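# Overview (structure and organization)
Each chain is listed here by its residues.
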Amino acid sequence: SSPHLVQVRERIRINGQPISKDLFNKYFWLVYNRLEETKDPAHSSMPAYFRFLTIMAFHVFLQVKVDLAVVEVGIGGTYDCTNIIRAPVVCGVSSLGIDHTSILGDTMEKIAWQKGGIFKPGVPAFTVAQPERPLEVLRERAQERKVSCWWGCGWGVSHGGVLSLLSPQCPLYLCPELDEFEEGSRPLELGLAGAHQRSNAALALQLAQTWLQRRGCHGLGELKEVPPSTELMGRSVPLAPAFQLTDAMIQGLRDTEWLGRTQVLSHGPVTWYLDGAHTTSSIQACVRWFRQAALNQEKPHDGSEVRVLLFNATGDRDTAALLKLLVPCHFDYAVFCPNFTEVSVANNAGEYWGDRVSPSSPCNPSLLSSSLPDQQNFNVTLENALTRCLENQRTWTRLLEEKVGQDPWLPSPLRVGGLLQPAPARGSLLLVPPAPRPLNSPALVFPCLAQALRWVAQGRDPHLAAPAASGAHPHPAASSGAVLLREAAAVRVLVTGSLHLVGGALRLLVPELSQ
């Protein structure tokens, strides 16, 4: 899977656990040296970073003789280096979103075309509810791959009540809603929070069921029939029937953990809400989750509550569109910082917790071996990253300015001496950041994650040191906000916009993940 959050070893897991440092070093150098010895002299560069890790993952899986390899595509599908598997057991396409537009295209239809490139002849494929046209593109891609015939016709039941396919038809199927798997009034409990995880769970069930069928597993429960009239439901892709879940499946859904996705860390009065959403659809899902998890809770009776957004975005993403979706969360402060964990005067480049290296950059052993931190990046400068943060700050300022007068939550503040006075309805101080003209915006930019997190926590999170007085943020909003953060009964922080930002935050907030 990719990207990793804290350590590169997370990308290659055996039985759910990242491979050990010793195993990673062993197979890294084995693969690297073999490629170095056999590379074409005319093309002297090594495989790109992501390609190298993909080759290494396949080698690890072969060497340890895994029973099943679950391989997540890096970007898209058609031209992704993971797409060399000729005959997988099953393929799945989750909910589509607009991302990596410079590579995949700028429409859902173009992205669906790329995703459908993983379909293989004779291999069943599943997807979840999609917009009509992208779903049609997926169906067309399945037909292009000449997979419209697969060992028989229609859905049937084999010995033991296991689902089987018995006639020629398109092997691309739409997963039923998770509700179809729930018996009576007992809802399934998911380890991952958020309504959007229900479609992911439905897809996972179909993929797992297909694998278990292939293995000849019995005792999986009786097939739950779907009335023939509902199979297509007006769609171009048939609906797969639900089936009776086993206790193991129910437990698997309940015990699922995935760091950095709708994750909550309660550290005393400071609660961190971490979600690596970085597309418009995933940010929308993140907002729904955050509002339910944090904003719907009763305000503390013994003091105030401060809500903070910590945001960054990388690549070619439309930051303005993402930030606009976050405005209704009614944050007291918006904090922007690069994906650098630390920045020092001696090392202006700092430690960067971003894309590590570009997926197209040649693999360098210093980037992957244990001698250097996994989060170093030599392709992104601090200056460029900070420029992007300042742009995000101006965008947030503009969005709030547009919101003033439209939302009763944002009363027009009274200006005194060039500063914004406390807004009575909120009891918080909204100050103007440096801008061509005064605006109502509680936005701050910090040069690195560590400084941003320390300012937000104000020494109240046991995993973070208190912000140094000598390195205080020069903007007045930082000092006035620090008072509010220290005195608030509850501080709720949403960290989102980038999986790399979330990974850097996890490294600082949960130090044991770096061990």
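See the structure shown above.
So, here's what we can say about the structure. Just so you know, these numbers come straight off a predicted model, no measurement behind them. (Residues numbered from 1 in each chain as written. Predicted model: local features only at pLDDT ≥ 70, side-chain atom pairs only at ≥ 80, totals over all residues. Heavy atoms only, no water.)

## Concerning the sheet that holds strand β3 (residues 91–93)
Strand order in the open sheet formed by 3 strands is β3-β4-β7, with parallel pairing between adjacent strands. Bordering the open sheet on either side are β3 and β7 (172–174), each of which pairs with just one other strand. Neighbouring strand axes in the sheet, compared pairwise and without regard to direction, differ in orientation by 25 degrees on average. Across 3 bridges, strand β4 (residues 125–127) lies against β7 in parallel orientation. The residue of β7 that forms the bridge with Ala 125 is Leu 172. Where helix α5 (residues 132–144) meets the sheet, its contacts fall on β3, β4 and β7, and the angle it forms with β7 comes to roughly 155 degrees. (Pairing = 2+ DSSP bridges. Helix = DSSP H or I, 4+ residues; strand = E, 2+ residues; numbered from the N terminus. Axes fitted to C-alpha atoms, helices over the stretch in contact; angles between N-to-C directions. Contact = heavy atoms within 4.5 Å.)

## Here's the deal with the nonpolar core
Formed by 44 residues in total, the largest nonpolar core has its most connected members in Trp 272, Leu 310, Leu 453, Trp 455, Val 493 and Val 495. Looking at this core, the elements with two or more residues in it are β9 (270–274), β10 (305–311), β11 (333–336), α11 (382–403), α12 (449–457), α13 (476–487), β17 (490–496) and α14 (499–509). Trp 272 has contacts with Gln 263, Val 264, Leu 265, His 267, Leu 453, Val 456, Ala 457, Asp 461, Leu 464, Val 493, Val 495 and Leu 509, leaving out every residue within four places of it along the chain. One finds Leu 323, Val 327, Cys 389 and Leu 400 within the second-largest nonpolar core, a separate group that totals 27 residues. (Core = buried A, V, L, I, M, F, W, Y, C linked by side-chain atoms within 4.5 Å. Buried < 20%, exposed > 50% of the residue type's maximum accessible area, 1.4 Å probe, protein only.)

## Considerations on the pattern of salt bridges
By the definition in use, this model includes 13 salt bridges. When the shortest N-O distance is used, the salt bridge between Arg 317 and Asp 99 registers 3.0 Å. You can see Arg 317 sitting in the loop between β10 and α9 (319–326) and its partner Asp 99 sitting in the loop between β3 and α3 (101–104), a full 218 residues away along the chain. Here Arg 317 matches Asp 99 in class, with each residue buried. Among the salt bridges present, the one from Glu 140 reaches Arg 133, with a minimum N-O distance of 3.5 Å. Relative accessible area serves as the criterion here: at 40%, Arg 133 is assigned to the partly exposed category. (Salt bridge = Lys/Arg side-chain N within 4 Å of Asp/Glu carboxyl O.)

## So, the pairing of β17
Judged by how many residues are buried, β17 sits mostly within the fold: 7 of 7 residues are covered. Burial along β17 is two-sided: Ala 490, Arg 492, Leu 494 and Thr 496 facing one way and Val 491, Val 493 and Val 495 facing the other are all buried. Two strands pair when backbone bridges link them, and β10 and β17 are joined in this way by 7 bridges, in the parallel orientation. Looking at β17, one finds that Val 306 is bridged to Val 491.

## Overview of the packing of aromatic side chains
Going through the model one piece at a time under the given rule, you end up with 15 aromatic pairs. Ring centres 6.3 Å apart and planes at 10 degrees place the aromatic pair Phe 24 and Phe 28 in the stacked group. A residue pair is termed a helical-turn pair when its members lie 3 or 4 positions apart in one helix, as Phe 24 and Phe 28 do in helix α1 (residues 21–38) at 4 residues. Summarising the burial analysis for this pair, Phe 24 and Phe 28 share the class buried. (Phe/Tyr/Trp six-rings, centres within 6.5 Å; stacked < 30°, edge-to-face > 60°.)

## Quick word on the pairing of β9
Of all the 5 residues making up β9, 5 are buried; the element is thus mostly covered by neighbouring parts of the structure. Across the two faces of β9 the burial is the same, with Val 270, Trp 272 and Leu 274 and Thr 271 and Tyr 273 all buried. Relative to β9, strand β8 (residues 263–267) runs antiparallel, the two being bridged by 5 bridges. The residue bridging Gln 263 from the neighbouring strand is Leu 274, located in β9.

## Topic: the environment of Thr 395
By the secondary structure assignment, Thr 395 is in helix α11. A residue is classified by how much of its surface remains accessible, and Thr 395, at 15% relative accessible area, is buried. Between the C-alpha atom of Thr 395 and that of Ala 321, which follows or precedes it by 74 residues, the distance is 9.7 Å. The residues touching Thr 395, leaving out its near neighbours within four places in the chain, are Ala 320 and Leu 323.

## Remarks on the side chain of His 278
Its place among the elements puts His 278 in the loop between β9 and α8 (280–295). Classification of His 278 by relative accessible area gives buried; the value is 19%.

## Examining the state of the cysteines
A full pass over the atoms with the stated rule returns 0 disulfides. Here Cys 337 is not cross-linked by a disulfide; its sulfur's nearest cysteine counterpart is in Cys 389, at 6.2 Å. (Disulfide = S-S within 2.5 Å.)

## Things to note about the sheet that holds β10
Spatial ordering of the open sheet is given by β8-β9-β17-β10-β11-β16, a layout of 6 strands whose pairing is mixed. Only two strands of the sheet have a single partner each, and these edge strands are β8 and β16 (443–445). Strand after strand, the sheet turns through a mean of 20 degrees between neighbouring axes, direction not considered. Of the strands in this sheet, β10, β11 and β17 are in contact with α9, which crosses β10 at around 165 degrees.

## What about the environment of Leu 104?
In this structure, Leu 104 sits in helix α3. Here the alpha-carbon distance between Leu 104 and Gly 77, two residues 27 residues apart in the chain, equals 9.2 Å. Excluding residues within four positions of it along the chain, Leu 104 makes contact with Ile 75, Gly 76, Asp 99, Lys 110, Ile 111 and Gln 114.

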